[in-house]
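Residue-level structure breakdown
Each chain, letter by letter, is given below.
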Amino acid sequence: MAAVPVTCVRLTTSMQIVGKTSALKLVSMGRNKSGFPCLRTSRFQISCVAKPETVNKVCEIVKTQLALGADTVVAPDSKFASLGADSLDTVEIVMTLEEEFGISVEEENSQNITTVQEAADLIEKLVEKKNATA
């Protein structure tokens, strides 16, 4: 099997959609030396970022649930494990988020939440889904 050298292009941009601000976080695509897309190594991922107020609320809940000091910085990319959370703490954080936002998080989704941003993105998705069915 031959190895093909590739470069990775990473773009970050924002756009406005119907009065809501949304951001594209990661776009990466493999390229070979000739400049054509390399199908074997191509990756394309776009994810929307939650509203700042949702992220801030999740940060507050995480700080409270983990009893973190006022000097501890909890940012969107903060991992629960790096803040000292174990699996039980993560379950308690998810339960508090469910109560606070009036949503229900499936067990398979809750196992995939490792950062504040992932939690906020999931909350936005579930709240939007809940409002669409109401």
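Quick note: structure is the one above.
Below you will find a few notes about this structure.

Conventions adopted
- Residues numbered from 1 in each chain as written.
- Predicted model: local features only at pLDDT ≥ 70, side-chain atom pairs only at ≥ 80, totals over all residues.
- Heavy atoms only, no water.
- Helix = DSSP H or I, 4+ residues; strand = E, 2+ residues; numbered from the N terminus.
- Buried < 20%, exposed > 50% of the residue type's maximum accessible area, 1.4 Å probe, protein only.
- Contact = heavy atoms within 4.5 Å.
- Areas by Shrake-Rupley, 256 points an atom, 1.4 Å probe, with all protein chains shown as cover.
- Axes fitted to C-alpha atoms, helices over the stretch in contact; angles between N-to-C directions.
- Parallel < 35°, antiparallel > 145°, perpendicular 65-115°, else oblique.
- Left-handed = near helix turned anticlockwise from the far one by under 90°.
- Nonpolar A, V, L, I, M, F, W, Y, C, P; charged D, E, K, R; others polar.
- Core = buried A, V, L, I, M, F, W, Y, C linked by side-chain atoms within 4.5 Å.
- Salt bridge = Lys/Arg side-chain N within 4 Å of Asp/Glu carboxyl O.

Another aspect to go through is the overall build of the protein. Within the protein, the secondary structure is distributed over four helices and two strands. Going residue by residue from the N terminus, the α and β elements of the protein occur as β-β-α-α-α-α. For the protein, with 134 residues in total, the buried portion stands at 30%. For the protein, the share of sequence-separated contacts (at least 6 apart) that also reach a separation of at least 24 residues comes to 47%. Carbon and sulfur atoms make up 56% of the accessible area of the protein, which totals about 9,300 Å².

Taken N-terminus to C-terminus, the directions of helix H1 (residues 52–65) and helix H2 (residues 87–101) make an angle of 135 degrees; their axes are 10 Å apart at the nearest point. For the element pair H1 / H2, the angle class is oblique. The element H1 and its partner H2 pack so that their crossing is right-handed. From H1, Thr54, Lys57, Val58, Ile61, Val62 and Gln65 reach across to H2, where they touch Glu92, Ile93, Thr96, Leu97, Glu100 and Phe101. Taken together, the residues that form the contact of H1 with H2 break down as six nonpolar, three polar and three charged.

Okay, the nonpolar core next. Counting residues in each nonpolar core, the largest one holds 23 residues, and the members touching the most others are Val58, Val62, Phe80, Leu97 and Val116. Of all the secondary-structure elements, those providing two or more residues to this core are H1, H2 and helix H4 (116–133). Of all the elements, H4 adds the most residues to this core, at six residues. With residues near it in sequence (within four places) discarded, valine 58 still touches Leu97, Phe101, Val116, Ala119, Ala120 and Ile123.

All chains considered together, the criterion is met by two salt bridges. Between glutamate 60 and lysine 57 there is a salt bridge, and its shortest N-O distance comes to 4.0 Å. Remark: lysine 57 and glutamate 60 occur in helix H1; sequence separation between them is three residues, near one turn of the helix. In this structure, the salt-bridge partner of glutamate 100 is lysine 57, at a minimum N-O distance of 3.5 Å.

In this fold, valine 91 is placed in helix H2. Residue classification places valine 91 among the partly exposed residues on the basis of a relative accessible area of 44%. Considering only alpha carbons, one finds valine 91 and glutamine 111, 20 residues apart in sequence, at a separation of 8.7 Å.

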